[in-house]
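Below are the chains, spelled out letter by letter.
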Amino acid sequence: MLRGIRVAAIILALLTLVATGAAGQETASPANEGGLAQLASCGHLLVLGLIDESGSLQETDPDNKRVGGLRTALTTLATSGSRAGETNGITIEVLLAAFASDYTAPSEWTLLNSDTLPALQQRADNFAARNQGIDTDFVAALQGAQDTLGRKAAEVTAAGAPRPCQALLLFTDGGFDLDPRLGHDGKPLRGKTEPYAPDLPLDVAGNEEKVEEIGRNLICGPNGLADQLRASRTTIIAIALKPKPEDLAFLEGIGRTHASDGSNCGKRENPAGDYIPVDDRGRLLDAFQCVGGKAAGGTCVSPPPPVPPCLGTACPEGRLEFQLDPSLREFSLLVNLGAPTVVAEVAAPGAATSLELQANQAATAMLGSATLSAVPVSPLDLVIDGELPAGTDDWVGKWTVTFIDRRGQSPGAVARSQIILFGGLTPVVDPLPTFEAGEPSVFEIRVVNQEGSPRTPEDFVRSVQVSALVADPVTGARQTLDVVPAGAGRYDTEYLVPAGTTASFLDLMLTLDVTTQGGVRLQPRQQVYQVPVRQPASYPTLSPPQLRLQSIVDEGQATGTLSITGGQGDGGCAWFPGAEVKSAPDDTGKVQVTFYPRAVDRVSCIEVSAGQRRTVEVTATVEAVRRGTVEGLIQASVISGADDSTREVVVPFSFEMVKNPDPFRFWLFVLILLAGLFLPLTALWLLNTYLTVLLGLPRTRVARADVRVTRLRAVQTPLGEPLALDHEQFRAVAAGRDRCRRFKADGLAFKVRVPFWPVRPPYVQVSRSGQDVIASGVPRRSRWRSSSSRIGDLPLDLRGTWVFAIDRIDDQAISGKLFLFVSDNNVDQDAQSMLNDIRRDLPTAAWNVSEDDTPFRWRQLLRRLAEKNTKK
Amino acid sequence: MGGQDGVRQEYGVEATAVRPPRWMLVVAVATAAGAAACHTAVAFAAHVTGYVLGSFATIGFVALFAQIDTRRQQDPFYSRLPWLRTLAAVALTVGVGAAAVHIYFIAWELAARC
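All residue numbers here refer to positions counted from 1 along the written sequence of the relevant chain. Starting at A for chains and at 1 for ligands, labels are handed out in the order in which the entities are written. A pLDDT threshold of at least 70 governs which residues receive local features in this predicted model, and a stricter bar of 80 or more applies before side-chain atom pairs are shown or counted, although totals over entire chains, interfaces and linings include all residues.

Helix and strand counts for chain A come out as 13 helices and 47 strands. Exposure criterion: with C-beta atoms placed from backbone coordinates, a residue whose C-beta has 20 or more other C-beta atoms within 10 Å is buried, one with 12 or fewer is exposed, and one in between is partly exposed. Looking at the 872 residues of chain A, the share that counts as buried comes to 45%. We call two residues in contact if the C-beta atoms placed from their backbones are at most 7 Å apart. A fraction of 73% describes how many contacts in chain A between residues 6 or more apart in sequence connect residues 24 or more apart. The helix count covers DSSP runs of H or I at least four residues long, the strand count covers runs of E at least two residues long, and both are numbered beginning at the N terminus.

This is the structure in structure tokens:
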């Protein structure tokens with residue numbers, strides 16, 4: 001039975017392989033040409049991984065396959081991306097960010113290589129817990145991404161380096177989704193408006209759809225967020241897990257500009273990105289590997305059907321094959337072993353031995369001349385990177401991966417794989433052709449391998465096509481050139497530069513389109529050259545041909561320098577009639593470009609002699625700094641030094657703007673919040689402080705007695721007799737005083753205090769200068785105010801309380817003065833009752849204070865020392 | 001008014017028991033409840049109303065209650081109702097809590113509008 005299943009699987013696999021070509025079929029669409037095709041040629045690539053963290057992931061991705069996918073993409077980029085560029089390789093920096101209702105970037109930009117990969121994979125693991133967010137707000141996500149990328153690009157260019165390429169890897173599930181702020185009973189939970197739809201609170205049923213629509217327009221409308229990202233040369237690659245049917249076109253448009261249903265997301269087609277929908281979360285790792293591979297310049301090949309691992313020893317039915325030809329330089333293979341006991345045996349055509357790879361095990365080995373490195377990305381998934389040297393061809397041919405269950409413990413397992421191929425050939429023009437207005441330019445295109453050596457692809461690939469296109473950045477005109485093979489990897493072409501060309505440079509785009517011997521159409525390899533358009537020799541020349549001004553961060557101006565070099569003869573002169581802004585973020589307002597020296601007409605023309613070089617400071621000022629890129633054209637006029645004739649020259653310019661969240665609004669929010677909380681409490685406290693007074697003092701009487709509190713817990717007179725008080729000892733506490741806030745009597749200071757929290761009753765604080773006081777009455781933290789022991793809290797009428805002011809502490813007793821406050825209409829009864837309380841409570845309180853209060857002991861010691869000195 | 005109810009005879013003189021100003025506390029409880037109820041409304045004005053009720057109104061009436069009650073306690077015929085203090089604390093906590101939530105939204109809106 002089992003054998004029958006295997007045979008059926010083999011037949012199915014063979015049929016699929018036949019249907020898709022020997023090693024599958026390239027899945028990239030022609031729209032991928034441009035952005036993705038150019039990424040591999042970048043010297044410096046910024047990759048922002050923007051991962052959905054909405055709560056819906058708990059349903060759509062309960063086992064966190066996206067985390068494995070993210071690890072796969074990082075591994076693919078790290079292992080293949082480091083060699084994705086030309087001979088010098090490519091620098092890749094990565095940042096992982098999350099979004100739901102807001103955008104969060106929990107980490108910093110990190111250089112991606114094999115050393116930093118483990119740390120980045122660990123960061124990716126943290127996304128497993130990020131599935132609690134509400135909403136899937138793409139406006140917040142893309143605005144955050146735009147800001148992060150712009151800020152990093154500004155940082156790179158500020159250091160003098162060329163502008164880096166940018167890639168945004170966007171993962172989401174579902175689609176644009178704002179949750180209504182309504183409870184289960186339909187009542188509003190809380191009010192919230194999005195900044196881009198302030199008049200539509202989300203706690204009103206039905207508003208969320210309207211806000212979502214506004215958000216989609218903000219992203220996909222004219223010069224919307226998608227276009228602004230593309231304007232800043234960001235390639236967007238979107239992966240959508242189980243996309244909502246109504247958002248299919250929206251998500252596809254974000255990646256590819258043009259959706260399959262004919263709708264568009266923005267207008268800009270370059271740099272072209274991609275969109276990968278995934279309906280089965282089991283294929284998420286494949287999708288992420290595809291994205292990582294594409295960002296590194298690879299071609300994602302449709303995966304072959306799964307195979308059952310061989311039981312015990314290698315067998316044909318557990319084997320997958322792929323064909324490599326000399327046009328390649330690298331491959332990246334994602335294998336899923338299907339079970340922990342299954343191993344993958346990789347065999348190369350030129351190698352005598354094979355490489356056995358196990359689950360969760362990293363490995364590096366040579367197979368023939370090829371270098372293989374395997375990195376685990378999940379318990380059963382491995383990314384195997386194969387580096388194919390340019391000098392030898394022994395790796396060319398059929399490679400096999402055989403899945404074997406050595407112990408036969410997982411008979412039902414199914415193993416899968418997916419491969420990404422990296423082309424090794426690049427079209428180049430060296431030296432750059434000379435473009436002069438009105439003159440033809442004949443030049444040669446060569447195809448070279450990763451070492452820069454010329455190759456003749458016709459010898460070893462199924463088909464090859466070299467194309468060339470010239471684009472005018474000022475007029476937008478594009479002209480495809482006729483490219484003629486000239487043998488041995490050389491191609492000839494010719495371009496007639498239009499006489500009326502005013503652009504300071506033209507874009508020369510070379511594209512190499514290769515279909516491998518196995519039938520895989522590799523991702524086209526594109527090289528773009530900015531070729532300066534030379535003016536006739538007698539005219540001054542402007543440089544650079546394209547002016548990139550320094551970025552504006554939060555405020556200030558964008559500045560740069562243009563050089564004017566005098567032509568032959570008498571040199572000539574140049575001036576700048578003005579500048580035209582082609583695109584800018586919304587609400588930027590007027591963009592003003594000024595020049596110093598101020599040469600705006602023929603009268604103020606900047607004179608240059610033959611070969612002389614003069615500089616002009618260019619300054620761009622915006623009315624309001626917003627996030628995004630400003631692009632425009634500087635109009636220049638140059639006068640020939642030979643015949644005084646004038647030519648128009650247009651120099652494209654651009655600069656980035658980065659805007660921090662408005663600190664004014666944030667602090668205003670905090671200020672209003674704090675004021676709103678504390679203002680009423682403060683007002684009430686002030687009112688209470690004004691109104692609260694000592695009450696009924698004329699009807700309060702006090703008695704004073706010197707007492708000793710012994711170690712045996714007895715309260716005695718100084719003569720050692722039991723403490724007793726009679727009616728005669730009580731007198732008025734503050735004769736003639738009523739409704740006052742403070743008074744002094746018998747060395748004690750009484751003062752009304754009002755707590756800030758209005759529920760707590762006001763109280764009287766009693767203190768005695770330089771001496772410690774124990775009081776009954778209103779407790780604040782405990783019955784005994786022993787923490788500082790300098791003050792006591794009493795009720796406003798003082799009645800029914802006592803105060804003990806400590807004079808002296810020795811080993812045998814604590815001596816001090818005791819004050820008893822009673823009501824004048826019940827003196828004897830109150831006094832007797834309080835004496836009972838005092839006998840019970842005072843000893844414990846007094847000795848606690850004397851033993852625990854260290855500062856008090858220090859003060860006693862200092863006082864004794866002072867007394868001794870006085871006696872001496 | 002409100003503080004004198006119940007009559008007793010002592011020393012041959014008719015004396016009236018003095019009680020805490022309960023009506024003030026009733027108003028404080030009502031304003032606190034009103035502040036909490038304003039959370040069911042969406043409009044900005046509801047947040048402002050809720051804030052004023054929960055903060056100034058509730059705190060004001062509770063503070064007034066505490067002041068008058070403290071003075072009445074000096075009266076020999078004062079009749080203490082201990083649970084009123086607990087009720088005052090509850091009203092104040094509910095009022096201030098509701099006001100804090102309202103002021104959050106008010107601050108959010110005002111900052112966004114500036």
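Here the focus is the overall build of chain B. Across its full length, chain B carries three helices and two strands. Along the chain direction, N to C, the helices and strands of chain B fall in the order β-β-α-α-α. The proportion of buried residues among the 114 residues of chain B is 37%. Of the contacts formed within chain B by residues at least 6 apart in sequence, a portion of 72% connects residues at least 24 apart.

Another aspect to go through is the packing of helix H11 (residues 663-691) of chain A against helix H2 (residues 44-72) of chain B. Interaxial angle, 0 to 180 degrees, is taken between N-to-C directions of lines fitted to C-alpha atoms, where a helix line uses only the stretch in contact. Interhelical geometry of H11(A) versus H2(B) gives an angle of 20 degrees and a closest axis separation of 10 Å. Considered as vectors, H11(A) and H2(B) are oriented roughly parallel to each other. Pair H11(A) / H2(B) crosses with right-handed handedness. Across the interface between the two elements, A:Gly676, A:Pro680, A:Leu681, A:Leu684, A:Leu687, A:Asn688 and A:Leu691 from H11(A) touch B:Tyr51, B:Ser55, B:Phe56, B:Ile59, B:Gly60, B:Ala63 and B:Gln67 from H2(B). Split into classes, the residues belonging to the contact of H11(A) with H2(B) amount to nine nonpolar, five polar and no charged. Roughly parallel means an angle under 35 degrees; roughly antiparallel means over 145; roughly perpendicular covers 65 to 115; every other angle is labelled oblique. Crossing handedness: left-handed means the near helix sits turned counterclockwise from the far one by under a right angle, and right-handed means the same turn made clockwise. Gly is put with the polar residues, along with every residue not named as nonpolar or charged; the nonpolar set is Ala, Val, Leu, Ile, Met, Phe, Trp, Tyr, Cys and Pro, and the charged set is Asp, Glu, Lys and Arg.

Here we take up the sheet that holds strand S14 (residues 363-367) of chain A. All names here are of chain A. Across the sheet, six strands lie side by side as S8-S18-S11-S16-S15-S14; this open sheet has antiparallel pairing. Every other strand in the sheet has two partners, leaving strand S8 (299-300) and S14 as the edge strands with one partner each. The sheet contact formed by strand S11 (residues 328-336) and strand S18 (residues 416-423) spans eight bridges and is antiparallel. Looking at the pairing, Leu334 lines up with Gln418 of S18. By definition, two strands form a pair when at least two bridges between them are found by DSSP.

Residues and elements named next belong to chain A. Here four bridges tie strand S41 (residues 742-745) to strand S42 (residues 748-753), and the two strands are oriented antiparallel to one another. Of the residues in S42, the one forming a bridge with Phe743 is Phe750. Linking S41 to S42, which pair antiparallel, is a turn of two residues; within it Asp746 sits at a positive phi near 55 degrees. In this structure, S42 lies alongside strand S43 (residues 763-768), joined through six bridges in antiparallel fashion. Paired with Ala749 across the strands is Ser767, a residue of S43.

With that settled, the discussion passes to the sheet that holds strand S33 (residues 591-596) of chain A. Residue and element names in this part refer to chain A. Taken together, the four strands give an open sheet; going across it, the order is S28-S31-S35-S33, and neighbouring strands pair in antiparallel fashion. Sheet topology places strand S28 (541-543) and S33 at the edges, where each strand pairs with a single neighbour. Each adjacent strand pair in this sheet contributes to an overall mean axis angle of 25 degrees, direction not counted. Sheet topology places S33 next to strand S35 (residues 613-622); six bridges connect them, and they run antiparallel. By the bridge assignment, Phe595 is partnered in S35 with Val618.

It is worth spelling out the environment of A:Gln729 at this point. When you line up the elements, A:Gln729 lands in the loop between strand S39 (715-716) and strand S40 (731-732). Between the C-alpha atom of A:Gln729 and that of A:Val702, which follows or precedes it by 27 residues, the distance is 8.0 Å.

All names here are of chain A. The term nonpolar core refers to a group of buried residues, namely Ala, Val, Leu, Ile, Met, Phe, Trp, Tyr and Cys, whose C-beta atoms join them within 7 Å. Counting residues in each nonpolar core, the largest one holds 171 residues, and the members touching the most others are Val47, Leu169, Val291 and Ile634. Take this core: its biggest share by element is eight residues, from helix H6 (residues 138-158). Beyond its immediate stretch of four places on either side in the chain, Val291 contacts Ala73, Leu169, Ile237, Ile239 and Ile276. Leu694, Val733, Leu748 and Val766 belong to the second largest nonpolar core, which has 42 residues in total.

Residues and elements named next belong to chain A. Look at helix H10 (residues 284-295): 17 Å from first C-alpha to last across twelve residues, which is about the 16 Å you get at 1.5 Å a residue. With twelve of its twelve residues buried, H10 lies for the most part within the structure. Along H10, the residues classified as buried are Leu284, Leu285, Asp286, Ala287, Phe288, Gln289, Cys290, Val291, Gly292, Gly293, Lys294 and Ala295. Of the residues flanking the end of H10, it is Gly297, one or two places downstream, whose phi is positive at about 95 degrees. The span expected for a helix works out to 1.5 Å for each residue beyond the first.

Now for the packing of helix H1 (residues 22-37) of chain B against H2(B). The relative placement of two packed helices is expressed as an angle between their axes plus a distance between the axes. All names here are of chain B. The geometry of H1 relative to H2 is characterised by a closest axis approach of 8 Å and an angle of 165 degrees between their N-to-C directions. With respect to H2, the axis of H1 lies roughly antiparallel. Between H1 and H2 lies a crossing whose hand is left-handed. Touching Met24, Leu25, Val27, Ala28, Thr31, Ala32, Gly34 and Ala35 of H1 are Gly50, Leu53, Gly54, Ala57, Thr58, Phe61, Val62, Leu64 and Phe65, all from H2.

The next thing to look at is unusual backbone geometry. Among all residues save glycine, negative phi is the norm, and among peptide bonds the norm is trans. Residues and elements named next belong to chain A. Look at the link from Asp430 to Pro431: it is a cis peptide, with omega at 5 degrees. One can find Pro431 in the loop between strand S19 (426-428) and strand S20 (435-436). Between Tyr596 and the following residue, Pro597, the backbone shows a cis peptide bond with an omega angle of 5 degrees. Tracing the sequence through the fold places Pro597 in the loop between S33 and strand S34 (606-607). The phi angle at Arg233 is positive, at roughly 65 degrees, despite the residue not being glycine. Mapped onto the fold, Arg233 is located in the loop between helix H8 (225-231) and strand S6 (234-241).

Attention now moves to the interface of chain B and chain A. On the chain A side, the residues contacting the 28 residues of chain B number 28 residues. Of all the elements in the fold, those that place two or more residues in the side of chain B that touches chain A are H2 and helix H3 (83-113) of chain B. In terms of residue count, H3(B) provides more of the side of chain B that touches chain A than any other element does, 13 residues in total. The residue inventory of the side of chain B that touches chain A, partitioned by class, reads 21 nonpolar, six polar and one charged.

Let us look at the confidence of the model for chain A. All names here are of chain A. Per residue, pLDDT captures the predictor's confidence, and it can take any value from 0 to 100. Residue-level pLDDT values for chain A average 81, and 87% of them are 70 or greater. Low pLDDT, under 50, characterises residues 1-34; the predicted model gives this stretch 59 contacts beyond four residues in sequence or across chains. Predicted confidence is poor over residues 778-791, with pLDDT under 50, and the contacts of this stretch with residues over four places away or in other chains come to 32 contacts.

The subject of this paragraph is the confidence of the model for chain B. Residue and element names in this part refer to chain B. Per-residue pLDDT for chain B averages 80, and the proportion of residues at 70 or more is 82%. For chain B, per-element mean pLDDT is lowest for strand S1 (residues 4-10), which scores 45, and highest for H1, which scores 92. Scored below 50 in pLDDT, residues 1-12 shows 19 contacts in the model against residues more than four places distant or in partner chains. Scored as a whole, the predicted complex attains pTM 0.59, and scored at its interfaces, ipTM 0.79.

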